[in-house]
Every structure is written in structure tokens, then in C-alpha cells.
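# Architecture and fold: a report
What follows is the residue order along each chain.
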Amino acid sequence: MVLRGLALTLATWAIGALLLRATLVPAHQCPDYGPDAFEASAQASVAWIERSLQSDGRYVYEYNAATDSYPDDYNEVRHAGVTMSLYQYAAESGDTGPIETADIALQRMIDISFEHGDWLAIQNPENRTVKLGSTSLALAGLALRRHATGDDQYDELMRRYGRFILEMQRPDGSFLNYWLPNTGAPDPTVTSKYATGEAFWALALMHNLFPGEGWDVPAIAVADYLALHRDEVEQFEFPPWADQWAAYGLSEMRTWPISDVQADYARSLAERFGFLIRVESQRSDALLVEEIHGGPTRAAGHGTWVEGLTSLYRLAAVDDRLADIRSDLRDRIDCGAGMLVDRQVTSDAAATYDDPSVAEGAWFSNNVTRMDDQQHALSGLIRAAVIARKELE
Amino acid sequence: MTDPWQLFLVMLVAANPATGLRAVLPGSLRERVPAAAVAAGLAITIVVVAGLVADSLLEGLAIEEETARIAAGLVLGISGGQAVVLGGPLVRDTPRGWQAGLYPLGIPLVLNAAILAAVIAFSANPDAGTGRSIGFAAISVTLTALAALVPARFAGPADGVARLVGAAAILVATAMVVSGVRDV
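Residues numbered from 1 in each chain as written. Chains lettered and ligands numbered in written order. Predicted model: local features only at pLDDT ≥ 70, side-chain atom pairs only at ≥ 80, totals over all residues. Heavy atoms only, no water.

## Some remarks on the side chain of T67(B)
- When you line up the elements, T67(B) lands in helix α4 (residues 65-86).
- At a separation of 2.7 Å, a polar atom in the side chain of T67(B) contacts the side chain of H28(A).
- Once residues within four sequence positions are removed from consideration, T67(B) is found in contact with V25(A), H28(A), R278(A) and Q282(A). (Helix = DSSP H or I, 4+ residues; strand = E, 2+ residues; numbered from the N terminus. Polar contact = N/O pair within 3.5 Å; in protein donor to acceptor, adjacent residues only side chain to side chain. Contact = heavy atoms within 4.5 Å.)

Structure representation (C-alpha cells):
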């Protein structure tokens, strides 16, 4: 009786453990790469963006490998984001090669900018909308360009873009998303979950470049809004919203320094990004795992987590309130960046596509790659490479 | 969930000593002591081994410590739910002598799946500490084994206690899952 009972109990436990393993606790698969692989992957992404630049200053927006087609669509915010990522690569790596391409894309943004009073903002040439996000990312890109080159020719342009951002800020630190040319004022009814963080980052960069000009006051106001109110105002079901732009902004503020409330917010963001990477690393096409955990996240999402983690790592590296999460942040960065390396289309794999030139260096999801897949993966990878290399040294 | 009192609470509700009160062992107290001793010895041995190999085990299975905590929370939640519904196992018709200390007293009563999962998950957590996790788990299983020595007339009242501890286990399990999700 004793042995039979014991055997039955242990068998039940074993079955339970196997079920748990097969469903809720599959293995974390974190490829083991170092800074060289991260950088090589980032370079392949840069090459994709450079090849995708067209004669009109726009990038290839999207490519569907299943139909070998290019949907007729474009997005000015993403244009600014992709351009920013090229400047970011240059600023982080010291390789200024991509600046030539980025400057062509920048010129297009300047050409379509809308002037009003003492500010300038990017206007969508098709629907005439003036949106906060594109100008914020253009300004962030210009700040990174200045870091990379030391060239001050766009300083006044940056200030004019910056003044538009201030025009869109509300007294509580939040931002409105559209400025309406027909009313000559911001649309008071529309906010954006993306644009607030983008504007925050741009303002924080501006203060670090031009410390005496007062850009820190609106930056701190939006940092507090993000830390205390945004998730509730925007009604996010599972706060905090994984906002890598907010993480970028907090990282820029690391020497100001940030307040306790902002440090708490930074920690909660780190927890969210870390969890997302852990879950992503458990995704596979194994039986039951894909059904329960879903398929791989597209690079435009996955890359933002690595961006967020790298920003928070830089913050934690100098802020002792976050010292306890430094090591975990490093682990998640390496894991997230490693998965990106693994999922990128290599030159060999690209040869199997109808158009290898638009496949190589890209990340596909359901046979589709969009320019911001390359943008966010590039940003995350180059920052992961710099952090990993610095640690090695 | 790595403060000492929190960790002890986890181990205590996972072991749920009130279930020991529900074990009706045959014979006099003198006859029941060997069974309880074997059960405690077996449970403590497994807890110690599990705690010591936790790091290697999770590494071998490619499971992050935070994920192990979530899994342990799920196991504890199921165990707590079972205690709430059934009031903890009422063990009867057990063999006389020390053999009962192997089954059913040792496994699964004193050493249940929830305490085993908890000791693995927390021993791998550097903030909780291997020694502390093993220590609290060992104390908790010992309490369960000692409870089995209490006369059978207390088995009835113990039912309510086991259910209450089961309810507490569900709350603790929820906190474990949340903390696992919220960790970096």
C-alpha cells in the first residue's frame, strides 16, 4: 500500500509538472550573443534602411514577402522615427556613415514643415495634419545628429521644433496630438499614447544640449504627468504602459537627477519591459506553447522593449535607487537583443525571397516587414551593443 | 516576497500544518511518533536537497527565477483551493508503524507539491536566500509532522483551520504570481 500510494502520488506530481512545463512554464530561450553580433545586426538594419530610401526622400514603408508587394501607404511619424534611428546609430557607434542617408530624409521633413509664429512643425503633405509625434522624433533625431557630428547648423531649427512642442503642452504636463491649421490652435480633444513620451524625450534632449534655455521645466512637468497620471488618463488596463519613449526621457534626466516618483515609475517600466522579454523568450512553435503564449512579437514591438531596457539600464547605472535591478536589466537586454539577432533575415535567407534586397537585414512578421520594424530593432541593438561592449571593457 | 516574515508565511501556508491535524494515525502516541519522525525526516531531506539544487535545476530547465515563482504561485493556488474545498486531506486507514511516515504522512501530507515548488522557487532567488528558504520550509514541514501527533479528536476542528489556511494560501499565491510578473 505504501509503495503503491507513493508511486501514485509521485506520478501525479510528475504529470502536473509536465503539464505546467508544456503550457505555462516553457523554457526561456535567450540566444547567447555578444556586442559584435548585436552591432553586426544593427549594421544590417542600417543597410536595409539606406537601401530603402527612395528618390523622393521617403523610405520603403512596407513590404509583403508573400505577395512580393509594397502597399501604398506612408506614415510621417514613422519616417521621423526611422531617420532618428540612423542618427542614433551614428551617435552610439561613432560610425557617421548613415548620416548622409538620414540627412536626405531630414531634408524632406524640413521641406514639409509648417511654419506658424515662432515655431515650425512637420505637416503631413497628404492630409495637411500637423502631428506632435513626427516633430518630436525629428527633434530627437536632430539632437542625436548633433551628438554624432558636433554640427550646429540645425540648432535654430531644433529650437523652432521645440517651441512647437511647447505649444502643444497642457498645464498638467500632458500633450495634445494635433495642431489644427484651420483654427490656429491645438485640437483640444485628441491625445496620443505615443506622442507624449516622444515629446518628453525630445525636451529632455534639448535641455541636455542647451542647458540654460529652460527646456527642463516642461520636461519635468511631462515626466511627472507620465509617472503619476498618464496611465489612468489614457485608461490603460495593465499599467504602466510599456513606453520606451518615457524610458528614453528618464534616461536623459539621469544626471538632473530624477525625483523619487520618477524613479518609482522607472522601476515599474523596467519591470514591465523585463516581463515582456521573459514572456517573449518563452514563445516558440512547440505544441501548446504557441496556442497559449502566442507567436513572436514583431520587431517594431520587441525592439521597443530593448530600447526601454537599455535606457533604464543607463539610468540605473548612475542612480542607486535602481541599483538592485542593474543585473536583471543587463540579462533582459542581452536576451532581447539576442532574440532580435536570431530573427533577422540573413543574407543567405534573403536569397530565398522574391526581392532579396528588401528582405536582407529585415524582420518579418506574418511575411510583412515595415520600416519601423528595422527602426526599433536597430535602436535596441546598437544600444545593447554599446552597453555590452562597455561591460566587457 | 523576500522579507523573512513574508517568506515564512509563504512556506507556512504552503505546508498548511493544519492538514497534519487531519491525519488520523492509528495507535497510541508512542506508536505514532516514529511515523511522524520519518515523515519529518523525509520532508526535511527533500526540502534541503530541493533547495540546494534549485539554482541548477532551474538553469537546466531554462526557467528564470521569476517565472519559477509564478509557477510555484500557481501550484500553491491550486493547493490552497483544494484545502478550501476539501479542508485538507483526512488521512485514514494508514498502515501502522513508521511506514506511514513515507506514505501518506510524509508524501503528500507533510511534503506536498506546494511546499516543494515554493522551496525551489525561493531558494533560487538571491534576495530570499537558499538557507533561509530551506530553513523556513523545514520548520513548516516539521510543524505539519508534529500536528499529526495531536489526538484524533482535534481532526474535526482542524478542518476549519485547514480551509482558512487554504484561503490564505490563495492570497499568498496571488501575491507570488503578481510579484513574479512585476519583477524585472
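## Let's talk about helix α6 (residues 113-123) of chain B
- Of all 11 residues in α6(B), 10 are buried, a share of seventy percent or more.
- By the N-cap criterion, in which a side-chain oxygen at the helix start approaches the backbone nitrogen of a residue two or three places on, α6(B) is capped by N112(B), the distance to A114(B) being 3.0 Å. (Buried < 20%, exposed > 50% of the residue type's maximum accessible area, 1.4 Å probe, protein only.)

## Structural notes on unusual backbone geometry
- Residue P104(B) follows Y103(B) across a cis peptide bond; omega there is 5°.
- Inspection of the secondary structure assignment puts P104(B) in the loop between α4 and α5 (105-110).
- Residues other than glycine seldom take positive phi values, yet R128(A) does so here, at roughly 65°.
- Mapping R128(A) onto the fold places it in the loop between β3 (119-122) and β4 (130-131).
- Classification of R128(A) by relative accessible area gives partly exposed; the value is 48%.

## Considerations on the pattern of salt bridges
Residue and element names in this part refer to chain A.
- All told, the structure shown has 34 salt bridges over all chains when counted by the stated rule.
- R389 is paired through a salt bridge with D36; the nearest N and O atoms lie 2.3 Å apart. Note that R389 is positioned in helix α17 (residues 371-392) and D36 in helix α2 (residues 35-52), a separation of 353 residues in sequence.
- By relative accessible area, which is 25% here, R389 ends up partly exposed.
- Between R383 and E92 there is a salt bridge, with the nearest N and O atoms lying 3.2 Å from each other. Of the two residues, R383 is situated in helix α17 and E92 in helix α3 (residues 76-93); the sequence distance between them amounts to 291 residues. Pair check on accessibility: R383 and E92 agree, each one buried.
- Each of D118, E156, R159, R163 and E213 takes part in a single network of salt bridges with overlapping partners. (Salt bridge = Lys/Arg side-chain N within 4 Å of Asp/Glu carboxyl O.)

## What to know about the interface of chain B and chain A
- If you look at the interface, chain B gives 26 residues, while chain A gives 23 residues.
- The junction of chain B with chain A conceals about 2200 Å² of combined surface from both sides, 68% of it contributed by carbon and sulfur atoms.
- With a shortest N-O distance of 3.1 Å, R182(B) and E271(A) are connected by a salt bridge.
- Counting residues per element, the ones that place at least two in the side of chain B that touches chain A are α4, α5, α6 and α8 (155-182) of chain B.
- For the side of chain B that touches chain A, the leading source of residues is α4(B), giving six residues.
- Per-class residue counts for the side of chain B that touches chain A are 17 nonpolar, four polar and five charged. (Buried area = accessible area lost by both parts, 1.4 Å probe. Nonpolar A, V, L, I, M, F, W, Y, C, P; charged D, E, K, R; others polar.)

## Re the packing of aromatic side chains
Residues and elements named next belong to chain A.
- Overall, the coordinates contain 14 aromatic pairs over all chains when judged by the stated rule.
- Over the ring of Y74 we find R58; its NZ or CZ atom is 4.4 Å from the centre of that ring.
- One cation-aromatic arrangement involves R159 over F210; the distance from NZ or CZ to the ring centre is 4.3 Å. (Phe/Tyr/Trp six-rings, centres within 6.5 Å; stacked < 30°, edge-to-face > 60°. Lys NZ or Arg CZ within 6 Å of the ring centre and 35° of its normal.)

## Description of the packing of helix α10 (residues 244-252) of chain A against α17(A)
All names here are of chain A.
- Look at α10 against α17: their axes get within 13 Å of each other, and the N-to-C directions meet at 35°. Considering only the axes of α10 and α17, their crossing is left-handed. On α17, the residues that touch Q244, W245 and Y248 of α10 are Q375, H376, S379 and R383. (Axes fitted to C-alpha atoms, helices over the stretch in contact; angles between N-to-C directions. Left-handed = near helix turned anticlockwise from the far one by under 90°.)

## Details of the environment of Y103(B)
- Position of Y103(B) among the secondary structure elements: in the loop between α4 and α5.
- Along the chain, Y103(B) and I115(B) lie 12 residues apart, while their C-alpha atoms are 17 Å from each other.
- If near-sequence neighbours (up to four positions away) are discounted, Y103(B) is found in contact with M1(A), V2(A), G5(A), L6(A), T9(A), P95(B) and P108(B).

## With respect to the sheet that holds strand β5 (residues 178-180) of chain A
Residues and elements named next belong to chain A.
- Taken in spatial order, the three strands line up as β4-β5-β6 in an open sheet, and their pairing is antiparallel. Unpaired on one side and paired on the other, β4 and β6 (185-186) mark the two borders of the sheet.
- Direction of pairing for β5 relative to β6: antiparallel, over a ladder of two bridges. Bridge pairing in β6 links L180 to A185. (Pairing = 2+ DSSP bridges.)

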